[in-house]
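Here is what each chain is made of, one letter per residue.
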Amino acid sequence: MLSRTADHLFWMARYMERAENTARMLDVNYQTLLMPRGAASAELLWRGLLGICELVGDYTGRYGAIHSRQVMHYMVCDECNPSSILSCLRAARENARAVRGTLTTEVWETQNQTWLEFRRLIAEGRFEREPGEVFEWVKFRSHLSRGVTLGTMLQDEAFHFLRLGTFLERADNTARLLDVKFQGMDGDFFGSQAAREQEYDFYHWSAILRSVSGFEVYRKVYRDVIRPEKVAELLILRPDMPRSLAACVAEVVSNLTHVANEQSAETRRRAGRLHADLQYARIDEILSTGLHAYLTQFLDRIGDLGRGISRDFLVPMA
C-alpha cells in the first residue's frame with residue numbers, strides 16, 4: 001500500500017476516535033455540572049478537561065477566564081481549535097475523501113454524512129439548546145463509523161491501518177483521562193489509603209467510568225462500591241474492557257502484525273514489550289510507584305509507537 005494512502009486511513013480513524021472521546025468527556029462534565037457545585041469546583045473541572053487535551057494555554061490565551069459555555073464552544077465548534085469536534089470531523093472526512101477509492105461506499109457515505117449533518121446541527125443552534133443531545137449524536141456516529149468499517153470492508157491492509165489509528169488514539173486518550181482525573185485528588189495516587197484521606201465521592205468515580213462507558217462494566221466485574229484502585233485496574237489492565245490500555249495495546253500489536261514490513265521490526269518489538277508489561281502487571285505494583293509516574297511513562301511509550309508507525313508506514317512528517 002502507498003504510504004500516503006495508509007497515512008490518510010490512519011488519520012481518518014484517529015480523528016473520528018478523537019471526536020468521540022472529546023464528546024464523551026464534555027458530556028460527563030456537562031452532566032456533572034447539573035448537580036450543585038461551586039464556581040471554583042466547576043472551573044477545576046473544565047481546566048482538567050483542557051489539560052487532558054493540552055489546550056489550557058491556547059484557551060486562556062484566546063478566551064481568558066474559564067467558563068463552562070465558552071469551554072464547550074471551544075471544544076465543539078471552534079474552527080481554530082484543531083482538537084474541537086468540528087475540526088476532528090472535518091479532518092476525518094477530508095482524509096476519507098482523499099482515499100475514496102480505498103473505502104467502501106458505505107464507509108465513505110457515513111463519514112461524509114456525519115460531517116454534513118454535524119454542520120447542520122451547529123447551524124441550527126442545536127448545540128446551544130441541547131448540548132447533551134449533540135454529544136450523544138457524535139458518539140453514535142462514531143459507533144456507526146466503526147460498525148460500517150467492520151461490516152463492509154475487506155480485512156486487508158487498509159482495514160488494519162484504520163484499526164491502528166483507532167486504538168492508538170483510544171489508548172492515548174484513556175491514559176490522559178486517568179492521569180488528569182486522578183491528579184485531581186491533589187497529588188499522585190498510591191492506593192486506597194490515599195483515597196480514604198481524600199474523601200472523593202461516588203459521583204467523581206462514576207463520572208470517570210461513564211466517560212469510557214465503564215460504569216455498568218465495573219458493576220458487573222467487581223460487584224462492589226466504586227473504589228479508585230479498582231477503577232484504575234479496570235481501565236489499565238483488564239484485557240476484556242474495550243477502552244482499557246491493555247485492550248487497546250493488544251489491538252495495536254495485532255494490527256501491526258498484519259501490516260508488518262522490513263523496517264517495522266523495532267516498532268513491533270516496542271509494541272510487544274508494552275503489551276507484555278500490561279499483560280503481566282499488577283495494579284498494586286503500579287500504584288506502589290504512583291499512578292501519575294506510570295501513566296506519564298505510558299504516554300511517552302504510546303507516543304513513541306505513533307512516531308514509529310509514522311516512520312515505518314506513513315508519509316514522513318515535515
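For the structure itself, look to the data block above.
Residues numbered from 1 in each chain as written. Predicted model: local features only at pLDDT ≥ 70, side-chain atom pairs only at ≥ 80, totals over all residues. Heavy atoms only, no water.

(A) The arrangement of the nonpolar core in detail. Counting 94 residues, the largest nonpolar core has Ile 236 and Leu 278 as the members making the most contacts within it. Examining the composition of this core, we find that twelve residues originate from one element, helix H9 (residues 157-183), more than from any other. Filtering out sequence-adjacent residues up to four positions away, Ile 236 remains in contact with Leu 178, Ser 244, Leu 245, Ala 246, Leu 278, Ile 283, Ile 286, Leu 291, Tyr 294 and Leu 295. (Core = buried A, V, L, I, M, F, W, Y, C linked by side-chain atoms within 4.5 Å. Buried < 20%, exposed > 50% of the residue type's maximum accessible area, 1.4 Å probe, protein only. Helix = DSSP H or I, 4+ residues; strand = E, 2+ residues; numbered from the N terminus. Contact = heavy atoms within 4.5 Å.)

(B) Up close: unusual backbone geometry. Positive phi, normally seen in glycine, also occurs at Glu 54, with a value near 55°. With respect to the helices, strands and loops of the structure, Glu 54 is situated in the loop between helix H2 (39-52) and helix H3 (56-63). A positive phi angle is found at Arg 223, which is not glycine, with a value near 50°. Inspection of the secondary structure assignment puts Arg 223 in the loop between helix H12 (215-222) and helix H13 (228-236).

(C) Highlighting the packing of aromatic side chains. Using the criterion set out here, one finds nine aromatic pairs in the structure. Between Tyr 63 and Tyr 74, the aromatic rings sit 5.6 Å apart at their centres with planes inclined by 75°, giving edge-to-face as the arrangement. One end of the pair, Tyr 63, is in helix H3; the other, Tyr 74, is in helix H4 (residues 68-76), with eleven residues separating them in the sequence. On the accessibility criterion, Tyr 63 (25% relative accessible area) is partly exposed. Residue class for Tyr 74 comes out buried when judged on its relative accessible area of 0%. Taken together, Phe 10, Trp 11 and Tyr 15 form an aromatic cluster joined through their ring pairs. Looking at Arg 210, its charged tip hangs above the ring of Phe 215, at a distance of 4.0 Å from the centre. (Phe/Tyr/Trp six-rings, centres within 6.5 Å; stacked < 30°, edge-to-face > 60°. Lys NZ or Arg CZ within 6 Å of the ring centre and 35° of its normal.)

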